Amino acid sequence: MQRCLRTMGMLILTLLVIGCGGGKYDDVKSTLNDYADAMEDYIGRMEKADSAEAVAKAMQDFTEKMSALTPRLQEMNQKFPELATDKNAPKELEKVSQRMSDLSPKLQSAMMKAMPYMMDPQVQQAMTAQAQAMAQTGN
């Protein structure tokens, strides 16, 4: 009877851990996926931007998303400093890590979309705010 109760207890505990996620990097994965979502949205909007106003708006919206993510990114960097190297990403993070790597060059290309509008005051202001927000994320 005790053996049966112990087995049931272990089964319930296992199901709770699985059901609640329970992975060491669940918060990291969620944060990085939110970051990647923000990057994808920004890239798409910058690719479609055809005016200084559209570029500035895309940059401002991305900056707002990054500012909202900053506390989570900072916490992640403090809690898991070993993730900063990205050389030996844990298996749990391989998919999101690859997603981020794939988005990085696209993000750089999207930022180049602002070049023709560099002299516009709205774009300059948005670029400054974006640079400050990115510096705060620790990325």
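To start, this report covers the structure provided alongside it. The shown structure was predicted, so the numbers you read here are calculated from the model rather than taken from an experiment.

## Some words on the overall build of the chain
Next, step 1: Tallying secondary structure elements over the chain gives 5 helices and 0 strands in all.
Next, step 2: In sequence order, the secondary structure elements of the chain are arranged as α-α-α-α-α.
Next, step 3: When the 139 residues of the chain are sorted by exposure, 30% land in the buried category.
Next, step 4: Residue pairs in contact within the chain that sit at least 24 positions apart in sequence constitute 80% of those at least 6 positions apart.
Next, step 5: Surface accessibility of the chain: about 9200 Å² in total, with carbon and sulfur atoms responsible for 57%.

## A short note on the packing of helix α3 (residues 52–79) against helix α5 (residues 121–137)
Next, step 1: Where α3 contacts α5, the axes come no closer than 8 Å and their chain directions differ by 10°. One finds that α3 runs roughly parallel with respect to α5.
Next, step 2: Classifying every residue of the contact of α3 with α5 by side-chain character gives 13 nonpolar, 10 polar and 1 charged.

## Observations concerning the packing of aromatic side chains
How two aromatic rings sit relative to each other is set out by the distance from centre to centre and by the angle between their planes.
Next, step 1: Tallying each qualifying case throughout the model produces 2 aromatic pairs.
Next, step 2: Taken together, a centroid distance of 5.0 Å and an interplanar angle of 50° make the contact between Y25 and F80 tilted. Placement of the pair is Y25 in the loop between α1 (2–19) and α2 (26–48) and F80 in the loop between α3 and α4 (94–112), with a sequence separation of 55 residues.
Next, step 3: A relative accessible area of 7% places Y25 in the buried class.

## Looking at α5
Next, step 1: End to end, α5 covers 25 Å across 17 residues, agreeing with the expected 24 Å (1.5 Å per residue, within 8%).
Next, step 2: Next to the buried residues of α5 lie α2, α3 and α4.
Next, step 3: The N-cap of α5, judged by a side-chain oxygen 2.9 Å from the amide nitrogen of Q122 a few residues on, is D120.

## A look at the nonpolar core
Next, step 1: Ranked by size, the top nonpolar core spans 33 residues in total, and within it V28, Y35, M46 and M59 carry the most contacts.
Next, step 2: Those elements that place two or more of their residues in this core are α2, α3, α4 and α5.
Next, step 3: The leading source of residues in this core is α3, at 10 residues.
Next, step 4: Discounting chain neighbours no more than four positions away, the residues touching M46 are V55, A58, M59, A110, K113 and A114.

About the cut-offs
- Residue numbers here run from 1 along each chain, matching the order of that chain's written sequence.
- For a predicted model such as this one, the threshold for reporting local features is a pLDDT of at least 70, and the threshold for listing and counting side-chain atom pairs is 80 or more; totals across whole chains, interfaces and linings nevertheless cover every residue.
- The side-chain numbers reported here are obtained from all heavy atoms of the structure, hydrogens and water having been left aside.
- To qualify as a helix, a DSSP run of H or I must reach at least 4 residues; to qualify as a strand, a run of E must reach at least 2; elements of each kind are numbered from the N terminus.
- Burial status follows relative accessibility: with a 1.4 Å probe on protein chains alone, a residue under 20% of its type maximum counts as buried, one over 50% as exposed, and anything between as partly exposed.
- Contact definition: two residues touch when any of their heavy atoms are within 4.5 Å.
- Areas reported as accessible are Shrake-Rupley estimates using a 1.4 Å probe. Residue values count occlusion only from the protein chains shown.
- Axes here mean lines fitted to C-alpha atoms, for a helix over just the part in contact, with angles spanning 0 to 180 degrees between N-to-C directions.
- Our angle categories are set so that under 35 degrees counts as roughly parallel, over 145 as roughly antiparallel, 65 to 115 as roughly perpendicular, and the remainder as oblique.
- All residues other than Ala, Val, Leu, Ile, Met, Phe, Trp, Tyr, Cys, Pro, Asp, Glu, Lys and Arg, Gly among them, are scored as polar; the first ten of these are nonpolar and the last four charged.
- Ring geometry is summarised as follows: Phe, Tyr and Trp rings, the Trp one being its six-membered ring, pair when their centres sit within 6.5 Å, and such pairs are stacked at plane angles under 30 degrees, edge-to-face over 60 and tilted between the two.
- In this scheme, a helix's expected span is set at 1.5 Å multiplied by one less than its residue total.
- A 3.5 Å cut-off defines polar contacts: any pair of N or O atoms within that distance qualifies, except that in protein one atom must be a possible hydrogen donor and the other a possible acceptor, and neighbouring residues in sequence count only when both atoms are side-chain atoms.
- What makes a nonpolar core is a set of buried Ala, Val, Leu, Ile, Met, Phe, Trp, Tyr and Cys residues whose side-chain atoms join them at distances within 4.5 Å.

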